[in-house]
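Descriptive structure summary
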Amino acid sequence: MSRSSGVWVLGEQRNGTLHSVSHELLAWGRSLADDYSESTLDCVLVGHGVREGAEALIHHGADRVYCLDHPELAIYRTDSYAALLEALLRDYDPDILLAAATTMGRTLLPVLAARLHAGLTADCTGLRIDPDSKLLLQTRPAIGGNVMATIKTSYHRPQMATVRPKSKRSLHADPTRDGEIISVPVDASRLSSRVRRVGFAVDETMGSPIQDAELVIAGGRGLRTAKRFQTLFEIAERLGGVVGASRCAVDQGWAPYAHQVGLSGKSVSPATYVALGISGSPNHLAGMSSSDRIIAVNSDPEAAIFQVADVGIVADLSEFLPSWLERIQSLNGERAS
Ligand SMILES: Cc1cc2nc3c(=O)[nH]c(=O)nc-3n(C[C@H](O)[C@H](O)[C@H](O)COP(=O)(O)OP(=O)(O)OC[C@H]3O[C@@H](n4cnc5c(N)ncnc54)[C@H](O)[C@@H]3O)c2cc1C
């Protein structure tokens, strides 16, 4: 195998179906590869029956996809995946390796980093190439989310990072895009695993469509009462959106944890994010600042949320919210008649 340096991303699949986070990773990888001496963007996909997924990865920005395809790899197991990937990475020696900060990425990359004696920055929300040193600048919230730290891996390769899902929009698929799909022979001796799968259960309590929504209407402590927060569910339903919440709102019991946006909640990147009575702490911004358009309503003109908002409205929510709902109701009434 010829050696190749450059930017690699680790695709993710379940039951042969590509996880949408793989496309987001390619969007990160593409922008880095373009800044990194116009390097190629390579992707590695491990699983079974992944050919279709590999083609989709090329349509979304990969130049080459290395497929490790074997029935034993259909289910993610840290030990066998790590053994195979370690061998591949040693052969190809990429400069940068990105994975999603999902259960798989969060368990697999630390093992790989230890085996390869490489650095790893977990849960990044920002990545870029330093134009002078060409090092990967890996940004993530630190010290309880009060600062954004930028970390470099100066001496070891690959420079490894896991990236928060929804921290970047996927590129549009281009079905005419060409690329190379390379089948990597699977060394059966590396397939043995100490893990036996006994079943798969979905945690229903964590279910919330918030991460895929195009409109998120989020409320914070500034809503002041559970009753006022409840209005958000009505507004969101009428507008075809979903409700998000700051941690304070969740702590108050106004919304379930599945709706929490931020460092210790979910990351979202909808077309429109409406922040109502949310101050804009770094911990909250970590989960929503990649939204296309941010509209903020706050009674404090100095609130930090206005620094990231595209549209800022200084208003008291005790007045703003009822009049907004009334306006939506009357518009719906006009449409119905
Ligand atoms: C490790 C760690 C992880 C964290 N993770 C998260 C996380 O995932 N998500 C998260 O959100 N937070 C998180 N936090 C908490 C975070 O630091 C903030 O405390 C929280 O985001 C603040 O929530 P808030 O904006 O609703 O409340 P506040 O900061 O109290 O802001 C309320 C806002 O409402 C405005 N307001 C008040 N009354 C009105 C009114 N009548 N009309 C209009 N506006 C009004 C105020 O001006 C203020 O700006 C985390 C903290 C830590 C330490």
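Please read these numbers as outputs of a predicted model, since none were measured by experiment.

**Quick look at the nonpolar core**
- Residues L57, V65, L98 and L127 are the most contacted members of the largest nonpolar core, which totals 29 residues.
- For this core, the secondary structure elements donating two or more residues are β1 (7-10), α1 (21-35), β4 (41-47), α2 (51-59), β5 (64-69), β6 (96-100), β8 (126-129) and β11 (159-163).
- Broken down by element, this core gets its largest block of residues, six residues, from α1.
- Once you skip the residues sitting within four places of it in the chain, V65 turns out to touch C43, L45, A54, L57, I58, E180, I181 and I182.
- If you look at the next biggest cluster of nonpolar residues, it comprises 26 residues, including W8, V46, A82 and L191.

**Observations regarding the layout of surface pockets**
- Size it by volume and the largest pocket reaches roughly 1,500 Å³.
- E12, R14, H19, T102 and T103 are the residues nearest the centre of the largest pocket, which is lined by 43 residues in total.
- Secondary structure elements with two or more residues in the lining of the largest pocket: β2 (13-14), α1, α3 (78-92) and α4 (103-116).
- Per-element accounting of the lining of the largest pocket gives the leading share, three residues, to α4.
- Across the lining of the largest pocket, the residue classes break down as 16 nonpolar, 14 polar and 13 charged.
- Counting contributing residues per domain, the lining of the largest pocket is built from domain 1 (7-190) and domain 2 (205-336), each supplying no fewer than three.
- Its boundaries defined by the atoms lining it, the second largest pocket holds a volume of some 560 Å³.

**Focus: the pairing of strand β15 (residues 272-276)**
- Most of β15 sits out of view: five of its five residues are buried.
- By the bridge criterion, five bridges tie strand β13 (residues 215-219) to β15 in an arrangement that is parallel. Bridge assignment links I217 to a residue of β15, and that residue is V274.
- Direction of pairing for β15 relative to strand β16 (residues 293-298): parallel, over a ladder of five bridges. Of the residues in β16, the one forming a bridge with L276 is V297.

**Points about the state of the cysteines**
- For the structure shown, the criterion picks out zero disulfides.
- Unpaired in this structure, C43 has its nearest cysteine sulfur neighbour in C67, at a distance of 8.4 Å.
- There is no disulfide at C124, and the cysteine sulfur nearest it, in C43, is 18 Å away.
- Classification of C124 by relative accessible area gives buried; the value is 0%.

**Notes on the site of the ligand**
- Surveying the vicinity of the ligand reveals 26 residues, the closest of which are S246, S264, S279, N283 and N298.
- A distance of 2.8 Å separates an oxygen atom of the ligand from a polar backbone atom of R221.
- Considered on its own, the ligand offers 980 Å² of accessible surface; in the complex 79% of this is hidden by protein.
- In this structure the site holding the ligand corresponds to the second largest pocket.

**What about the side chain of T139?**
- Note that T139 resides in strand β9 (residues 136-142).
- Taking the relative accessible area as the measure of exposure, T139 reaches 15% and is therefore buried.
- Of note is the side chain of T139, whose polar atom sits 2.9 Å from the side chain of T150.
- Among all residues touching T139, those that are not within four sequence positions of it are C124, T125, G126, M148, A149 and T150.

**Overview of the packing of α3 against α4**
- Direction vectors running N to C along α3 and α4 enclose 50°, while the axes themselves pass 10 Å from each other. Considering their axes alone, α3 and α4 lie oblique with respect to each other. At the point where α3 passes α4, the crossing takes the right-handed sense. Here α3 contributes T78, Y81, A82, A83, L85, E86, L89 and R90 to the contact with α4, which in turn contributes M104, T107, L108, V111, L112, R115 and L116.
- The class makeup of the residues in the contact of α3 with α4 is ten nonpolar, two polar and three charged.

Conventions we followed
Residues numbered from 1 in each chain as written. Predicted model: local features only at pLDDT ≥ 70, side-chain atom pairs only at ≥ 80, totals over all residues. Heavy atoms only, no water. Core = buried A, V, L, I, M, F, W, Y, C linked by side-chain atoms within 4.5 Å. Buried < 20%, exposed > 50% of the residue type's maximum accessible area, 1.4 Å probe, protein only. Helix = DSSP H or I, 4+ residues; strand = E, 2+ residues; numbered from the N terminus. Contact = heavy atoms within 4.5 Å. 1 Å grid on protein atoms, 1.4 Å probe; cavity = no way out; pocket = protein on both sides within 12 Å on 5 of 7 lines; lining within 4 Å. Points joined across faces, edges and corners; volume = space filled by probe spheres on them. Nonpolar A, V, L, I, M, F, W, Y, C, P; charged D, E, K, R; others polar. Domains from an automatic or database assignment. Pairing = 2+ DSSP bridges. Disulfide = S-S within 2.5 Å. Near = heavy atom within 4 Å. Polar contact = N/O pair within 3.5 Å; in protein donor to acceptor, adjacent residues only side chain to side chain. Areas by Shrake-Rupley, 256 points an atom, 1.4 Å probe, with all protein chains shown as cover. Sits in = over half its atoms within 2 Å of the grid points. Axes fitted to C-alpha atoms, helices over the stretch in contact; angles between N-to-C directions. Parallel < 35°, antiparallel > 145°, perpendicular 65-115°, else oblique. Left-handed = near helix turned anticlockwise from the far one by under 90°.

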